[in-house]
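Working through the structure, step by step
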Amino acid sequence: MEHSQEIIDKLVHLEIFSDFNSSDEEHRRLLKEVCQLLEPQSYNSGDVIIKEGDTGDTLYILYEGTVQIRRNTPSNDQFAVVNLTTEQNVFFGEVALIDRDTRSASVIAIENCKVLKLDGSRFKELCDKEPVLGYHVMYRISRRIASSLRRSNKEMMTLYEALLDEI
């Protein structure tokens, strides 16, 4: 993909690329490398971008539009978790940059959307060539996963305590 300054500016506002500064020459060079891997794709309102339970190897960056994150309950009822907009500097599927993952939620376009897709295996190849890029992105993803794990553990303990109170 063409490495326009607009896309580089978008990347530095994403949490996983937040260690990079678009005014730094070396950082800009690395971000241009990432831009070359990005593939734009459009979705219409109602389209499923990611389906919970599927295996995926792609990170998605929301470039235009609004999406809704949905999860399934144990009885397979679907509920909306949150709506996310372009202005929130949204990306999803980041675990795919580490390993092919089972998608933990569905992502639905609730208006026409444009995303930038980043293939996990191609990104890993770039990280082999540019380890500084890989280190910073993987560090940010690791922090995000650790935060999610802490939050899940806290929620599990809250549920456990509520269950004990009921018994």
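For clarity, every value in this text was computed on a predicted model and none was experimentally measured.

Side note on the packing of helix α3 (residues 120–129) against helix α4 (residues 131–166)
Packing of α3 against α4 brings their axes to within 5 Å, and their N-to-C directions diverge by 125 degrees. The pairing of α3 with α4 is recorded here as oblique in orientation. Counted together, Phe 123, Leu 126, Cys 127, Asp 128 and Lys 129 of α3 and Pro 131, Leu 133, Gly 134, Val 137 and Met 138 of α4 form the full contact between these two elements. When grouped by side-chain class, the residues that make up the contact of α3 with α4 number 7 nonpolar, 1 polar and 2 charged.

Notes on the sheet that holds strand β10 (residues 113–119)
Overall, antiparallel pairing links the 4 strands, which are arranged β1-β10-β4-β7 in an open sheet. Pairing within the sheet leaves two strands with one partner each, and these edge strands are β1 (39–43) and β7 (91–92).

What to know about helix α2 (residues 25–37)
With 13 residues, α2 extends 19 Å from end C-alpha to end C-alpha; this agrees with the ideal 18 Å at 1.5 Å per step. For α2, the secondary structure elements touched by its buried residues are α1 (5–12), β1, β10, α3 and α4. A side-chain oxygen of the first residue of α2 lies 3.0 Å from the backbone nitrogen of Glu 26; this N-cap is Asp 24.

Quick word on the sheet that holds strand β9 (residues 106–109)
The strand order β2-β9-β5-β6 describes an open sheet built from 4 strands, whose pairing is antiparallel. The open sheet has two free edges, formed respectively by β2 (48–50) and β6 (78–85), since each of these has just one partner strand. Going from strand to strand, the sheet's axes swing by 30 degrees on average, the running direction of each strand aside. By the bridge criterion, 7 bridges tie strand β5 (residues 66–72) to β6 in an arrangement that is antiparallel. Bridging from a neighbouring strand, Arg 70 pairs with Ala 80 of β6.

Here is what the cut-offs are and how they apply
- Residues numbered from 1 in each chain as written.
- Predicted model: local features only at pLDDT ≥ 70, side-chain atom pairs only at ≥ 80, totals over all residues.
- Heavy atoms only, no water.
- Axes fitted to C-alpha atoms, helices over the stretch in contact; angles between N-to-C directions.
- Helix = DSSP H or I, 4+ residues; strand = E, 2+ residues; numbered from the N terminus.
- Parallel < 35°, antiparallel > 145°, perpendicular 65-115°, else oblique.
- Contact = heavy atoms within 4.5 Å.
- Nonpolar A, V, L, I, M, F, W, Y, C, P; charged D, E, K, R; others polar.
- Pairing = 2+ DSSP bridges.
- Expected span 1.5 Å × (residues − 1).
- Polar contact = N/O pair within 3.5 Å; in protein donor to acceptor, adjacent residues only side chain to side chain.

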